[in-house]
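# Coordinate analysis (summary)
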Amino acid sequence: MYFRLLGLCNNFAYVVMLSAAKDILEKDAKHIEKPCRPEVTTRECHILSTGSVLLADIIPALIIKMSAPMFIHRVPFGIRHTTVVLLQAASFLIVGISDSTGLALFGVILASFGSGLGEISYLALSSNYPSSVVAAWSSGTGGAGLIGASVYALLTDSKLLAVSPKHTMLIMLTLPILFSFAYWSILQIPRSIHRAKLFQPSTWIIGGGSTTVSSEAGRISGEEGETLLRHTDSAEGELVLRGEEMNTNSRTRIQKALPLLRFMIPLISVYLAEYYINQGLLELMEFDCSHGFSMSSESQYRWFQVTYQLGVFVSRSSSNYLTIPTKHLTTLAILQTFNAVFFTFTAIYSILPHIFLAFFVIFFEGLLGGASYVNTFRAVHREIPVESREFSMGVVSISDTIGIVFAGFLAMPVHNKICSLPL
């Protein structure tokens, strides 16, 4: 229950920003949503692809995920959580009040920092619980996609609640409140987890201070360590020992990370393909009134995102009933690559006759993405020894982010190339 709620809250801002991508790109133009077109004879393209929003929503998360495993273990989970909540609240507020695309993208960047820090923190925290919490976390993140995309689409759809994108973002500020409550009041934190205390700064860093260094130095045995401490003053000796310890730790972490590539490469491939579709191609697919349920192009894009997230949610929530063996994770990557090729041809040649068929294939795309995510982390939790599990979960968590970054850079030139082609 509690990890499901943490997953939902952590990924909510990230999903909402992607669902709002077209609205964010239109802030400079003060765009007013147009009704559906009776006949689609030309392409309607933005100067910027929604891939630019994707990059703003993912590169900061990648920076956090790649750098954090080297130091984040010294930051208490309570401080990490507070930081995540503040970043999420700031992102909703800035995107909501901004009148320019540039400022809105800054808000998206803050959301990305928050979700990246949250994912690596809560997955690491999950190593202190039974393996079933990984499925709960995955279900929650899948639920964030479905609920976040659905709420945004329902609120902003001109045929439904017709709330402006600005006021919709301000409504989303209720989420950080729920997020705080989920961690501090619902989550049952084991006694073994370090707790930071507000008025005791010494508890804000785990194992900080010279005392730790001295104790580590005392553990070093052998003639080399004794000679080093004998022939240098204590301060210099501690610095040398600390440098040797850091080098040893870095080598050890690299050695632990290399075997994880068998989990990471398939997951990177899946996310590269699916986000190339979602943020590079779906915005270029538009159906006329009679073949698109009379929805505007903006509304079609939002409901495409909802359909994708529905597929993700279904597959992430079903991992307790259907588990995919590690050896078949590569198959998911191959199938998702086929989807990317199919949608590329669809964006260029408009080969799908009705939006219903687009919804069906997008749902399948979401199923593959969600299944790859949850089964990868379950495999890590199952196959990695407990003493390396927390580190491994953190390292593998950057895989989806790496794939999404590649997708963003691929989506923008492909978007521009397709926009230059006749319909």
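Counting restarts for each chain, with residues numbered from 1 along the sequence as it is written. Per-residue local features of the predicted model are confined to residues with pLDDT of at least 70, and side-chain atom pairs are confined, for both listing and counting, to 80 or more; whole-chain, interface and lining totals are unaffected and use all residues. The side-chain numbers reported here are obtained from all heavy atoms of the structure, hydrogens and water having been left aside.

So, about the environment of Gly403. Under the scheme used here, helices are H or I runs from DSSP no shorter than 4 residues and strands are E runs no shorter than 2 residues, and both carry numbers assigned from the N terminus. Of note, Gly403 is situated in helix α17 (residues 398-419). Along the backbone, Gly403 and Ile265 are 138 residues apart, and their C-alpha atoms lie at a distance of 9.1 Å. The contact rule is simple, with two residues in contact once any of their heavy atoms fall within 4.5 Å. Once you skip the residues sitting within four places of it in the chain, Gly403 turns out to touch Ile268, Tyr271 and Leu272.

This part takes up the UniProt feature "transmembrane region" (unreviewed entry) in the protein chain. UniProt positions are given in the numbering used here, feature names are shortened, and annotations may be inferred rather than shown by experiment. The UniProt record annotates "transmembrane region" (unreviewed entry) at residues 77-97, 103-125, 132-155, 167-187, 329-348, 355-374 and 394-414. The distance separating the terminal C-alpha atoms of residues 132-155 is 34 Å; by composition the span is 100% helix and 0% strand.

As for its placement among the helices and strands, Phe77 is situated in helix α4 (residues 77-97). Partly exposed describes any residue whose relative accessible area lies between the buried limit of under 20% and the exposed limit of over 50%, with all areas from a 1.4 Å probe on protein chains only and scaled to the type maximum. For Phe77, a relative accessible area of 9% puts it in the buried group. C-alpha separation for the pair Phe77 and Arg195, spaced 118 residues apart in sequence, amounts to 7.5 Å. Beyond its immediate chain neighbours, meaning those up to four positions away, Phe77 contacts Ser121, Ala124, Leu125, Tyr183, Ile193 and Glu390.

Right, let's talk about the pattern of salt bridges for a bit. In what follows, salt bridge is the name for a side-chain nitrogen of Lys or Arg lying within 4 Å of a carboxyl oxygen of Asp or Glu. Scanning the model with the defined rule gives 7 salt bridges in all. Here Arg302 and Asp23 are joined by a salt bridge, their closest N and O atoms 3.0 Å apart. Of this pair, Arg302 sits in helix α13 (residues 297-317) while Asp23 sits in helix α2 (residues 21-25), placing them 279 residues apart in sequence. Across the salt bridge formed by Glu383 and Arg262, the nearest N and O atoms sit 2.9 Å from each other. Of this pair, Glu383 sits in helix α15 (residues 355-383) while Arg262 is found in helix α12 (residues 261-280), placing the two residues 121 residues apart along the sequence. Here the salt bridges do not stand alone but share partners, grouping Arg37, Glu44 and Glu286 into one network.

Before going further, it helps to spend a moment on the packing of helix α6 (residues 132-156) against α13. A fitted line through C-alpha atoms represents every axis, and for helices the fit uses only the stretch in contact; the resulting angles, taken between N-to-C directions, go from 0 to 180 degrees. Where α6 contacts α13, the two axes come as close as 8 Å, and the packing angle between them is 160°. What the angle tells us is that α6 and α13 run roughly antiparallel. Where α6 crosses over α13, the handedness of that crossing is left-handed. Three classes are used, and their members are as follows: Ala, Val, Leu, Ile, Met, Phe, Trp, Tyr, Cys and Pro are nonpolar, Asp, Glu, Lys and Arg are charged, and the others, Gly among them, are polar. In terms of residue class, the contact of α6 with α13 is made up of 11 nonpolar, 11 polar and 2 charged. Angles are sorted into four bins: roughly parallel if under 35 degrees, roughly antiparallel if over 145, roughly perpendicular if 65 to 115, and oblique for all others. Take the far helix as your reference; a near helix turned counterclockwise from it by less than a right angle gives a left-handed crossing, and one turned clockwise gives a right-handed crossing.

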